[in-house]
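Chain residues, written in single-letter form:
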Amino acid sequence: MDNSSLLFGVMSGTSLDGIDIVLINQNSKTIKIIEFLQIPFNINIKKEFLALHTEQHSDLKRSIHLSLLHAKITAKGINNILKKYKLNTKDIKCIGYHGQTIRHHPQSGYSIQLGNANLLAELTNITVVSDFRNRDIVAGGQGAPLVPAFHNEYFFKRNKNRIIINIGGISNITYLPDNKKIIGFDCGPGNILLDHWIKIQRNKNFDNLGKWSKSGKLIEDLLFKFKKDLFFKKLPPKSTGRELFNIDWLNKFSINDYSPQDVQRTLLELTAVTINEAIQTFCPNFEEIYVCGGGSKNKFLIERIKEITGIGINTTDKLNIPSQQVEAIAFAWLAKKCIQKQYNNSPSITGSSGPRILGTIHYS
Ligand SMILES: Nc1ncnc2c1ncn2[C@@H]1O[C@H](COP(=O)(O)OP(=O)(O)OP(=O)(O)O)[C@@H](O)[C@H]1O
Ligand SMILES: [Mg+2]
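Quantities reported herein were computed from a predicted structural model and do not represent experimental measurements.

What counts, and where the lines are drawn
- Residues numbered from 1 in each chain as written.
- Chains lettered and ligands numbered in written order.
- Predicted model: local features only at pLDDT ≥ 70, side-chain atom pairs only at ≥ 80, totals over all residues.
- Heavy atoms only, no water.
- Near = heavy atom within 4 Å.
- Polar contact = N/O pair within 3.5 Å; in protein donor to acceptor, adjacent residues only side chain to side chain.
- Areas by Shrake-Rupley, 256 points an atom, 1.4 Å probe, with all protein chains shown as cover.
- Pairing = 2+ DSSP bridges.
- Helix = DSSP H or I, 4+ residues; strand = E, 2+ residues; numbered from the N terminus.
- Axes fitted to C-alpha atoms, helices over the stretch in contact; angles between N-to-C directions.
- Contact = heavy atoms within 4.5 Å.
- Parallel < 35°, antiparallel > 145°, perpendicular 65-115°, else oblique.
- Left-handed = near helix turned anticlockwise from the far one by under 90°.
- Phe/Tyr/Trp six-rings, centres within 6.5 Å; stacked < 30°, edge-to-face > 60°.
- Buried < 20%, exposed > 50% of the residue type's maximum accessible area, 1.4 Å probe, protein only.
- Lys NZ or Arg CZ within 6 Å of the ring centre and 35° of its normal.
- Patch = residues over 30% accessible without salt bridge, like charges linked within 9 Å, V, L, I, M, F, W, Y side chains within 5 Å.
- Salt bridge = Lys/Arg side-chain N within 4 Å of Asp/Glu carboxyl O.
- Lys, Arg positive; Asp, Glu negative; His and termini not counted.
- Charge placed at Lys NZ, Arg CZ, Asp CG, Glu CD.
- Disulfide = S-S within 2.5 Å.

**Some points on the site of ligand 1**
Thinking step 1. Surveying the vicinity of ligand 1 reveals 20 residues, the closest of which are Ser15, Gly169, Asp195, Gly294 and Glu327.
Thinking step 2. Contact distances for ligand 1 include 2.7 Å between an oxygen atom and a backbone N or O atom of Ser15.
Thinking step 3. Residue Asn166 places a side-chain N or O atom 3.0 Å away from an oxygen atom belonging to ligand 1.
Thinking step 4. Burial of ligand 1 by the protein chains amounts to 90% of its free accessible area of 650 Å².

Printed below as a string of structure tokens:
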């Protein structure tokens, strides 16, 4: 049976850099990428989303407005792709629409992603699957990370103990050992604090290739203090986000007492060492490391992870899925599973009490 389908995946991650849209032709063995589009958020939208991340600015009106806007931007991108490839909406099975996380509180029973899936279905005339995290959370899980199941499907290799590291706003790890005892969890901040600091200090959105970090000196005692955060000590299952690793978190450490580039260098080291600790503690006998997400473009960060782990690092491009597209493709895949009424969570990773079908369907 040919199970191939055209799917859209839409991801906008914690970095708040914008919306990634991918169109794929997927069957159980292969994924063919037809188009990939990154729509950056303009400064005002980013500011609005950032404001919503703090409890003080918990504004219902703003949330509703941003949800509608997020769907409109996404629909425009999708409709342009459909036009470019002369595709009929009937040819598309579904859109996996993650939305923009503004709260992730699994311990309190919820995770909120903004993005109006009803409007997206209306504007594209395609079935939309959204709200992937909450079912896992109410079943006792973290609702994150959800991508390890996808990594397992497309990156697992017999006789190889493989690690996949996604470095987005937050970094998360998936271990795919030959014995199939898959492990996955959030390691800690990926780019989020690096982005914050360079924005405040140099008004740049990110540290291109890690050049500014590289110009600074590592502050050992500051790194030691950063690492004391209880999140790093917690055993998996665990997940985190902007509600923990944010500007308030940074301000606890009197960072203004140090030179700005040294702080940047130390934040980069924090990302590298917390990834390394996750590897050394939970990935016995690992043999290969592949990275994806925006952090894989941070040359100095990858150099540091290489040095600390002592092993060569490739991007997932080597495994035929471009490093910047993995997350969006994963949500297309999760959505298709939802439509097909197949379990798509990973209880052993998120800690939920059993298999569930994640996602809410909004028919075309
Ligand atoms: N050339 C580059 N040099 C250094 N860092 C980069 C570069 N390009 C992107 N980045 C970093 O990658 C980030 C975006 O990564 P990505 O889109 O994977 O994160 P995300 O949207 O938070 O995703 P997710 O939460 O799904 O993992 C940027 O904010 C920036 O910090
Ligand atoms: Mg992104």
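Further notes follow.
**Overview of the sheet that holds strand 7 (residues 162-167)**
Thinking step 1. Spatial ordering of the open sheet is given by 9-8-7-10-11, a layout of five strands whose pairing is mixed. Single-partner strands in this sheet number two, and they are strand 9 (183-189) and strand 11 (313-315). Averaged over neighbouring strand pairs, the angle between their axes works out to 25 degrees when direction is ignored.
Thinking step 2. Sitting on the sheet, helix 5 (residues 148-155) is in contact with strand 7, strand 8 (170-176) and strand 9, with an inclination near 45 degrees to strand 8.

**Thoughts on the packing of helix 1 (residues 43-52) against helix 2 (residues 60-84)**
Thinking step 1. Running from N to C, helix 1 and helix 2 point in directions that differ by 135 degrees, and their axes come no closer than 11 Å. Our classification of the angle between helix 1 and helix 2 gives oblique. Taken as a pair, helix 1 and helix 2 cross one another with a handedness that is left-handed. Contacts between helix 1 and helix 2 involve Ile45, Glu48, Phe49, Ala51 and Leu52 from the first element and Arg62, Ser63, Leu66, Leu69, His70 and Ile73 from the second.

**Description of the side chain of Thr350**
Thinking step 1. With respect to the helices and strands, the residue Thr350 is situated in helix 14 (residues 347-350).
Thinking step 2. A polar side-chain atom of Thr350 sits 3.5 Å from the main-chain amide nitrogen of Ser352.
Thinking step 3. When residues no more than four places from it in sequence are discounted, the contact partners of Thr350 are Asp136, Gly141, Gln142, Gly143, Ala144, Pro145, Leu146 and Pro237.

**Here's the deal with the packing of aromatic side chains**
The description of two aromatic rings rests on the distance between their centres and on the angle between their planes.
Thinking step 1. Evaluation of the coordinates by the stated rule reveals 13 aromatic pairs.
Thinking step 2. Between Phe185 and Phe282, the aromatic rings sit 5.1 Å apart at their centres with planes inclined by 75 degrees, giving edge-to-face as the arrangement. Of this pair, Phe185 sits in strand 9 while Phe282 sits in helix 11 (residues 260-282), placing them 97 residues apart in sequence.
Thinking step 3. Of the residues examined, Phe185 reaches a relative accessible area of 2% and is grouped as buried.
Thinking step 4. When the ring of Phe231 is compared with that of Phe245, the centres are 5.9 Å apart and the planes differ by 85 degrees; the resulting orientation is edge-to-face. Note that Phe231 is positioned in helix 9 (residues 230-233) and Phe245 in the loop between helix 9 and helix 10 (247-251), a separation of 14 residues in sequence.
Thinking step 5. Taking relative accessible area as the criterion, Phe245 reaches 0% and is therefore assigned buried.
Thinking step 6. Between the NZ or CZ atom of Lys238 and the centre of the ring of Phe231, over which it lies, the distance is 4.4 Å.

**What about a positive patch on the surface?**
Thinking step 1. A grouping of Arg202, Lys204, Lys211, Lys299 and Lys306 is seen on the molecular surface, where their side chains present a positively charged patch.
Thinking step 2. On the basis of relative accessibility, which here comes to 43%, the residue Lys204 falls in the partly exposed class.

**Some remarks on the state of the cysteines**
Thinking step 1. In this structure the tally under the stated criterion is zero disulfides.
Thinking step 2. Between Cys187, a free cysteine, and Cys283, which holds the nearest cysteine sulfur, the sulfur-to-sulfur gap is 8.3 Å.
Thinking step 3. Cysteine Cys338 remains unbridged, with the sulfur of Cys94 as its closest cysteine sulfur at 8.0 Å.

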